[in-house]
Amino acid sequence: MHSVFDGKMVYISNLIDGKDTSLDSCEIIHGQFTMSGALDSVMCVSLDMGDFHLPIVLESGEIRVTSENQTVKVEGTELNEVLYTFLASRDSLIMILADLPRRESAMILEGYDHDYIMHTLGEAEADVRLAMDKLETSFIIDNFENVLGVSWFMELCNETYQRMGYPNTTPQIDEIYSRAPESFRNNVNVKNYMKLCEDKQ
């Protein structure tokens, strides 16, 4: 890790029963930290350093976390490799969305008509959001049988809850759920959220 983290505490936490529960912790010394221990089951957790939060899959093997040029990489185990390949693709799409205001300003300076700008950038944004939906949907479906599928599905559910202020689904959530196997639907977190959505109707 970068020396800026020296002396800081690192926590591994998991959301259990609505409470952020710390599973382990240690101090970063000379830009490095090490944690080890027995693993009861594979789980998605958060590696926390102050305001810095990093999703990690706790699984058997040596998980390496490196920070270089403001880029953090997690590698060394199968599911973490899958997760961070997905996150890199998703981050690329997010960067395109973040660049749209700059493109708008550039087009204004170049003298393009306002309606043309809005139409062009509106189409570009719609295409990127569709690509992101497809990326997330494929990622969850491809990982129905492991912890990544459930974890990212719940990420979509939580985003929807925060945006709307109450438990609800979206066409994307409904499509994923309709294609999910029983093992996925019976996950306690998935089951509880979908039940809340049903009760709200």
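These figures come from a predicted structure and were not determined experimentally.

Some thoughts on the overall build of the chain
Thinking step 1. Across its full length, the chain carries seven helices and six strands.
Thinking step 2. Helices and strands in the chain line up, N terminus first, as β-β-β-β-β-β-α-α-α-α-α-α-α.
Thinking step 3. Counting only residues that meet the buried cut, the chain has 34% of its 201 residues in that class.
Thinking step 4. Restricting to contacts in the chain with at least 6 residues of sequence separation, those with at least 24 account for 45%.
Thinking step 5. Total accessible area on the chain stands at roughly 12700 Å², and carbon and sulfur atoms take up 50% of it.
Thinking step 6. Averaging the coordinates of the 15 positive side-chain charges in the chain and doing the same for the 34 negative ones gives two points 5 Å apart.

Things to note about the pairing of strand β6 (residues 71-75)
Thinking step 1. Only one face of β6 is covered, namely the face carrying Val 72 and Val 74; the face carrying Thr 71, Lys 73 and Glu 75 is uncovered.
Thinking step 2. Pairing of strand β5 (residues 64-68) with β6 involves five bridges; the strand directions are antiparallel. Counted as the bridge partner of Arg 64 is Glu 75 from β6.

Topic: the layout of surface pockets
Thinking step 1. As a volume, the second largest pocket reaches approximately 800 Å³.
Thinking step 2. Along the walls of the second largest pocket sit 28 residues, with Ile 12, Met 35, Ser 36, Leu 58 and Ile 63 positioned nearest its centre.

So, how was this worked out
Residues numbered from 1 in each chain as written. Predicted model: local features only at pLDDT ≥ 70, side-chain atom pairs only at ≥ 80, totals over all residues. Heavy atoms only, no water. Helix = DSSP H or I, 4+ residues; strand = E, 2+ residues; numbered from the N terminus. Buried < 20%, exposed > 50% of the residue type's maximum accessible area, 1.4 Å probe, protein only. Contact = heavy atoms within 4.5 Å. Areas by Shrake-Rupley, 256 points an atom, 1.4 Å probe, with all protein chains shown as cover. Lys, Arg positive; Asp, Glu negative; His and termini not counted. Charge placed at Lys NZ, Arg CZ, Asp CG, Glu CD. Pairing = 2+ DSSP bridges. 1 Å grid on protein atoms, 1.4 Å probe; cavity = no way out; pocket = protein on both sides within 12 Å on 5 of 7 lines; lining within 4 Å. Points joined across faces, edges and corners; volume = space filled by probe spheres on them.

These values are about where atoms sit, not about what they do.
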